Amino acid sequence: MNTEINLYIPTGVKAENELFNGFGKRELFQSVIGSLFGGAVAAFLWLIAGNVALTVVAALSGIFGSVMMCTKDQNNQSVVDQIRDMIRFQRSQQIYPYRMQEEWGMK
C-alpha cells in the first residue's frame, strides 16, 4: 500500500489579466497617478524655466519612470511594492521587551 502521490504545480499562472508581463490594471492605476505627479513637476518646471525641451523631457521621464517603477519582476514585486514593504517594516515593532520568569512556573 505504498503509493506515491505527485502534485503538479503550474508555473507562470497569473491571478489577474495583464496588459504586458508584470503590468496589470492595478499597476496601470499606479502608473497613471505617478504620471500625473510627473506632469505636475513638468508644469512647475515650465513655470520656473519656460523651457519647452526641459518640460517635455520631464513629462516623458515621469511617465516612463512611473511605468518602470510599477512593473512587477519575476518575484512578483515592483519598486513601489518594495518601498511599501520597507516602510511597513520600519514602522513595525522592532524591540520586544520581556521579563524572565521561573521555568515551568515553579519557585
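Since this is a predicted model, take the numbers as computed values, not measurements.

Here is what the cut-offs are and how they apply
Residues numbered from 1 in each chain as written. Predicted model: local features only at pLDDT ≥ 70, side-chain atom pairs only at ≥ 80, totals over all residues. Heavy atoms only, no water. Axes fitted to C-alpha atoms, helices over the stretch in contact; angles between N-to-C directions. Helix = DSSP H or I, 4+ residues; strand = E, 2+ residues; numbered from the N terminus. Parallel < 35°, antiparallel > 145°, perpendicular 65-115°, else oblique. Left-handed = near helix turned anticlockwise from the far one by under 90°. Contact = heavy atoms within 4.5 Å. Nonpolar A, V, L, I, M, F, W, Y, C, P; charged D, E, K, R; others polar. Patch = residues over 30% accessible without salt bridge, like charges linked within 9 Å, V, L, I, M, F, W, Y side chains within 5 Å. Areas by Shrake-Rupley, 256 points an atom, 1.4 Å probe, with all protein chains shown as cover. Salt bridge = Lys/Arg side-chain N within 4 Å of Asp/Glu carboxyl O. Buried < 20%, exposed > 50% of the residue type's maximum accessible area, 1.4 Å probe, protein only. Phe/Tyr/Trp six-rings, centres within 6.5 Å; stacked < 30°, edge-to-face > 60°.

1. Let's talk about the packing of helix α1 (residues 25-49) against helix α2 (residues 52-70)
Phase 1 of the analysis: Two elements in contact, α1 and α2, have axes separated by 8 Å at closest approach and are oriented at 160 degrees. The pairing of α1 with α2 is recorded here as roughly antiparallel in orientation. The two elements α1 and α2 meet at a crossing, and its hand is right-handed. Facing α1, whose interface residues are Glu27, Gln30, Ser31, Gly34, Ser35, Gly38, Ala42, Leu45, Trp46 and Ala49, α2 presents Val52, Leu54, Thr55, Ala58, Ala59, Gly62, Ile63, Ser66, Val67 and Cys70.
Phase 2 of the analysis: Class assignment of the residues belonging to the contact of α1 with α2 gives a composition of 11 nonpolar, eight polar and one charged.

2. Describing a nonpolar patch on the surface
Phase 1 of the analysis: Nonpolar side chains collect at one region of the surface, where Trp46, Leu47, Val52, Val56, Leu60 and Ile63 lie side by side and expose about 610 Å² of accessible area between them.
Phase 2 of the analysis: Of the residues forming the nonpolar patch, the biggest block, four residues, is contributed by α2.
Phase 3 of the analysis: Relative to the assigned elements, leucine 47 resides in helix α1.
Phase 4 of the analysis: On the accessibility criterion, leucine 47 (71% relative accessible area) is exposed.

3. Digging into the side chain of lysine 72
Phase 1 of the analysis: Secondary-structure assignment places lysine 72 in the loop between α2 and α3 (79-91).
Phase 2 of the analysis: On the basis of relative accessibility, which here comes to 19%, the residue lysine 72 falls in the buried class.
Phase 3 of the analysis: If near-sequence neighbours (up to four positions away) are discounted, lysine 72 is found in contact with Gly22, Arg26, Glu27, Gln77, Ser78 and Asp81.

4. Examining the packing of aromatic side chains
Phase 1 of the analysis: Under the counting rule described, the total for this entry stands at one aromatic pair.
Phase 2 of the analysis: Consider the rings of phenylalanine 20 and phenylalanine 23, whose centres lie 4.7 Å apart with planes at 5 degrees: the pair is stacked.
Phase 3 of the analysis: Given a relative accessible area of 3%, phenylalanine 23 falls into the buried group.

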